Amino acid sequence: NAGVMQNPRHLVRRRGQEARLRCSPMKGHSHVYWYRQLPEEGLKFMVYLQKENIIDESGMPKERFSAEFPKEGPSILRIQQVVRGDSAAYFCASSPPSRGAYEQYFGPGTRLTVT
Amino acid sequence: GEDVEQSLFLSVREGDSSVINCTYTDSSSTYLYWYKQEPGAGLQLLTYIFSNMDMKQDQRLTVLLNKKDKHLSLRIADTQTGDSAIYFCAEKKPSNTGKLIFGQGTTLQVKP
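(A) Quick look at the sheet that holds strand β1 (residues 5-7) of chain A. All names here are of chain A. Here we have four strands laid out as an open sheet, ordered β1-β3-β8-β7, and antiparallel in their pairing. The open sheet has two edge strands with one neighbour each: β1 and β7 (65-68). Averaged over all pairs of adjacent strands, the angle between their axes in this sheet comes to 15°, without regard to strand direction. Pairing geometry for β1 and strand β3 (residues 19-24), over three bridges, is antiparallel. The residue bridging M5 from the neighbouring strand is S24, located in β3.

Set out below in structure tokens:
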């Protein structure tokens, strides 16, 4: 059973460009979470999604950031008009539907560098 | 506030026991977690404990929970160089949100 997959692993964008980060949950998992890790810090929750539904986006910046988890395909975290402060590691986690969102398994992360 | 607090650094000798401590904020938190992060990698779920338990043991790992003091600890017996990593404590509050609140991580250095 493959783990949570994220791609790309490393992404370099110039200021003003768009970044699209993809996450494929573990097989059988229908809940996806996105977290951001700034250098030397712990992870900060961004958003919690189920298929075609945003459950909690309380950690998402109000502008430029959006997330989706379509019926088919991976979850996408999209950052428009990136700025240097967006440079961070972005982690996706998934959990099975029977676990009430408490058992989260993380992917390897996408390290975004904005130049 | 939402701060989960951990000491930043711990150094031990190979073969010794390591104890990593954490204080969390919400006495109503339902689950408390320990994750391990190796350099450049994602987070590996080591273990978690439900809030109605005060201890959980899994091979070399022992988790102790003191709800009164909102204190969580992770003990690693017979620490090996492969245990060198950053260890994150996290809490989950009693709601439908999937939000985990993480500490800033404790870097464990194991000297041979």
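(B) Expanded view of the pairing of strand β11 (residues 106-111) of chain B. All names here are of chain B. Where burial is concerned, the two faces of β11 differ: the one with T106, L108 and V110 is buried and the one with T107, Q109 and K111 is not. Pairing geometry for strand β2 (residues 9-13) and β11, over five bridges, is parallel. Its bridge partner lying in β11, L10 is registered against L108. For strand β9 (residues 85-92) and β11, the ladder comprises three bridges, and the chain directions are antiparallel. Residue pairing in the sheet places Y87 in a bridge with T106 of β11.

(C) Region of interest: the pattern of salt bridges. Tallying each qualifying case throughout the model produces seven salt bridges over all chains. Measuring nitrogen to oxygen at the nearest pair gives 2.9 Å for the salt bridge that ties R78 of chain A to E18 of chain A. Here R78 of chain A, found in strand β8 (residues 75-79), pairs with E18 of chain A, found in the loop between β2 (10-13) and β3; they are 60 residues apart in sequence, far enough to count as distant. Of the charged contacts in the structure, one is a salt bridge between R60 of chain B and D83 of chain B, with a shortest N-O distance of 3.0 Å. Taken together, the positions of R60 of chain B in the loop between β6 (55-58) and β7 (61-66) and D83 of chain B in the loop between β8 (71-76) and β9 put the pair 23 residues apart, joining distant regions of the chain. By relative accessible area, R60 of chain B is classed as partly exposed at 32%. A network of salt bridges, in which partner residues are shared, links E18, R20 and R78 of chain A.

(D) Local environment of the interface of chain B and chain A. The partner chain A presents 21 residues to the 20 residues of chain B that form the contact. Approximately 1600 Å² of surface area, both sides summed, lies buried where chain B meets chain A, with 55% of it carried by carbon and sulfur atoms. When residues of chain B are sorted by the area they lose upon contact with chain A, L43, G98 and F102 of chain B head the list and together hold 26% of the total. Connecting chain B to chain A are zero salt bridges. Where chain B touches chain A, the interface holds eight residue pairs in polar contact (both at pLDDT 80 or more). Broken down by secondary-structure element, the contributors of at least two residues to the side of chain B that touches chain A are β4 (31-37), β5 (43-50), β9 and β10 (100-102) of chain B. No other element matches β4 of chain B, which puts four residues into the side of chain B that touches chain A.

About the criteria used
Residues numbered from 1 in each chain as written. Chains lettered and ligands numbered in written order. Predicted model: local features only at pLDDT ≥ 70, side-chain atom pairs only at ≥ 80, totals over all residues. Heavy atoms only, no water. Pairing = 2+ DSSP bridges. Helix = DSSP H or I, 4+ residues; strand = E, 2+ residues; numbered from the N terminus. Axes fitted to C-alpha atoms, helices over the stretch in contact; angles between N-to-C directions. Buried < 20%, exposed > 50% of the residue type's maximum accessible area, 1.4 Å probe, protein only. Salt bridge = Lys/Arg side-chain N within 4 Å of Asp/Glu carboxyl O. Contact = heavy atoms within 4.5 Å. Buried area = accessible area lost by both parts, 1.4 Å probe. Polar contact = N/O pair within 3.5 Å; in protein donor to acceptor, adjacent residues only side chain to side chain.

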